[in-house]
Amino acid sequence: AVVNVRDPRHNAEAERHARAAVAKDPTLAQPVYVMGIALRYQRNFLEARPYLDRAVQMAPRDASAHMYLGQWLLVAGYTKQGIEEMDRAIAIDPMLPNAVNWRAYQYMYAGDIESAEALFRRTEALGLTLAKAGLGEIALLRGNAQEARTLMAMQPQVTQVVCGNPDPKKFDTLFAGTLGGDAAAQAKAVAIIDDCVNTKPAELPSWTVISLMRLQQYDRALDLLANRTSDDAGVGFRMWAPQSAAMRQRPAFAGVTDRFGWIDAWEKYGPPDLCTRVAPRQYRCR
C-alpha cells in the first residue's frame, strides 16, 4: 500500500511499505519513487534523487515517475529540466492532474497566461481542487482580485490546515489582505498569520509562508521556513518564480537552501538555473 508521505505520522510507514514492496518485487518502480518522495519530504534532497532517477529508468512509460522527478527538479531550482520531465509525464498521460497542474504554473511564470489557464482548466475538469488556486493566480494577474480571493478560498489547504479556529471567514480576511488589499487589510491578514504561528503547530501550514511572500515580507517568510511546512514542495517551487527574485537575494535565503537540503544536491548535481556557485556550499542566486 502507498500512504500519504506528506503526513508526518505516515512518513516512516510509507518508507516501510515501499521497502517491503521492493523486497517482494524488485521490478516495481512505484515503491522506488515513493522512497524518493519520502526522503524529499524529510528535506533530504540528495538521497531522494537517486530513487527518482532509478524509478524513471525502471519504468520510462510511467507518467508518475517522470512527474515526481520533475517535482524534485522544480523545487530544487532546476526549472528547465523540471519542465522537460513534466512534459514527458503529460505526453505519456495528458490526464495526470498533478503533472498538468505543476506544468501550468511554469507556463504562468514564463508569462504564457493563456497556456497556463488552459492547463488549470483541464486539471479543474479532472477534479483537482488545487486547480482553483492556479485559476486564482490567473485572475489576479488579470486584475480581478475579488475573483482571485473567491477561488483561493476553495483550495484544500485552507479548509484542512487552519491553526486553531477553523472559521472560514478569517480566510476571507486573509485573502482580502494578501490579494490586492490596502494597508489596513494587509495588517488584518498579518494578524491571522500571527495567530496561526503563535499556536506553534508541529507542522506550519504552508499558507502562512505563501501569504508572507505575497505581502513581500520575505525575511519573515524565510525565518518561518526553519520549520517544516504542510507543503514544502508547494512553497519551494514558488521560491523560483520571477516575483520571488527579491526573496532569493535576501541573506537569509542561503540558510533556507541549506535547511531544505538543496545545497547538498547542488554540490552533486550542479547549481540550479538561477544560481551561481561562488565557493564550496556557497551560491549566489538572482
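Reading the values: rules and limits
Every chain's residues receive numbers from 1 upward, in the order its sequence appears when written. Only residues with pLDDT of 70 or above have their local features reported here, since the model is predicted, and side-chain atom pairs are shown and tallied only from 80 upward, although totals for entire chains, interfaces and linings are computed over all residues. Neither water nor hydrogens contribute to the side-chain values; these are computed over all heavy atoms in the structure. In DSSP terms, a helix is any run of H or I states spanning at least four residues, a strand is any run of E spanning at least two, and both are numbered starting from the N terminus. Between the first and last residue of a helix there are one fewer steps than residues, each counted as 1.5 Å, and that sum is the expected span. Accessible area is worked out with a 1.4 Å probe on protein chains only. A residue is then buried under 20% of its type maximum, exposed over 50%, and partly exposed in between. Between N or O atoms, a polar contact is any pair within 3.5 Å; within protein, one atom must be a potential hydrogen donor and the other a potential acceptor, and residues adjacent in sequence are included only when both atoms are from side chains. Definition used for salt bridges: Asp or Glu carboxyl oxygen within 4 Å of a side-chain nitrogen of Lys or Arg. To get an axis, fit a line to the C-alpha atoms, keeping to the stretch in contact for a helix; angles then go from 0 to 180 degrees between the N-to-C directions. Angles below 35 degrees are treated as roughly parallel, those above 145 as roughly antiparallel, those between 65 and 115 as roughly perpendicular, and all remaining angles as oblique. By the convention used here, residues are in contact when the closest approach between their heavy atoms is within 4.5 Å. By the convention adopted, Pro, Cys, Tyr, Trp, Phe, Met, Ile, Leu, Val and Ala count as nonpolar, Lys, Arg, Asp and Glu as charged, and the other residues, Gly among them, as polar. Pairing between strands is defined by DSSP: at least two bridges between the two strands are required. Cavity: a set of points on a 1 Å grid over the protein atoms alone where a 1.4 Å probe fits but cannot get out. Pocket: an open set with protein on both sides within 12 Å along at least five of seven lines, its lining residues, like those of a cavity, having an atom within 4 Å of a point. Grid points are joined across faces, edges and corners, and a volume is the space filled by probe spheres set on the points.

Q: How would you summarise helix α2 (residues 30-41) if you had to cite specific residues and measurements?
A: A rise of 1.5 Å per residue sets the reference length of α2, with its twelve residues, at 16 Å; its end C-alpha atoms lie 16 Å apart and thus fit the reference within 8%. Within α2, burial applies to Pro31, Val32, Tyr33, Val34, Met35, Gly36, Ile37, Ala38, Leu39, Arg40 and Tyr41. Count one or two residues on from α2 and you reach Arg43, which has phi positive near 65°.

Q: Can you explain the side chain of Ser230? Please cite residues and give values.
A: With respect to the helices, strands and loops of the structure, Ser230 is situated in the loop between α14 (218-224) and α15 (232-238). There is a polar contact of 2.9 Å between the side chain of Ser230 and the backbone nitrogen of Ser206.

Q: Could you give an account of the pattern of salt bridges, naming the residues involved and the relevant values?
A: The tally for this structure, following the rule as stated, stands at 15 salt bridges. The closest approach of N and O atoms between Glu85 and Arg88, which form a salt bridge, is 2.7 Å. Residue Glu85 and its partner Arg88 are both found in helix α5 (residues 79-92); the two are separated by three residues, about one turn of the helix. A relative accessible area of 39% places Arg88 in the partly exposed class. As a salt-bridge pair, Lys132 and Glu124 come within 2.6 Å of each other at their nearest N and O atoms. Glu124 gets classed as partly exposed once you look at its relative accessible area, which sits at 25%. Taken together, the shared-partner salt bridges connect Glu114, Glu117, Arg121, Glu124, Lys132 and Arg142 into one network.

Q: Give a detailed account of the packing of helix α17 (residues 252-259) against helix α18 (residues 262-269), specifying residues and quantitative values.
A: As a packed pair, α17 and α18 sit with axes 5 Å apart at the nearest point and diverge in direction by 80°. Here α18 runs roughly perpendicular to α17, going by the angle between their axes. On α18, the residues that touch Phe253, Ala254, Thr257 and Asp258 of α17 are Trp262, Ile263 and Trp266. Here the residues of the contact of α17 with α18 sort into five nonpolar, one polar and one charged.

Q: Outline the pairing of strand β2 (residues 282-285), listing residues and values.
A: The alternating pattern of β2 places Tyr283 and Cys285 on a buried face, while none of Gln282 and Arg284, on the opposite face, is buried. Connecting the antiparallel pair strand β1 (residues 275-279) and β2 is a turn made up of two residues, with Arg281 showing a positive phi of about 65°.

Q: Could you give me a rundown of the layout of surface pockets, with the residues and numbers involved?
A: Volume-wise, the second largest pocket comes out at about 430 Å³. Together, 17 residues line the second largest pocket, and Glu137, Leu140, Met213, Arg214 and Gln243 are the ones closest to its centre. When contributions to the lining of the second largest pocket are tallied by element, the ones reaching two or more residues are α6 (97-109), α8 (131-141) and α13 (206-214). Residues that form the lining of the second largest pocket fall into these classes: nine nonpolar, five polar and three charged.

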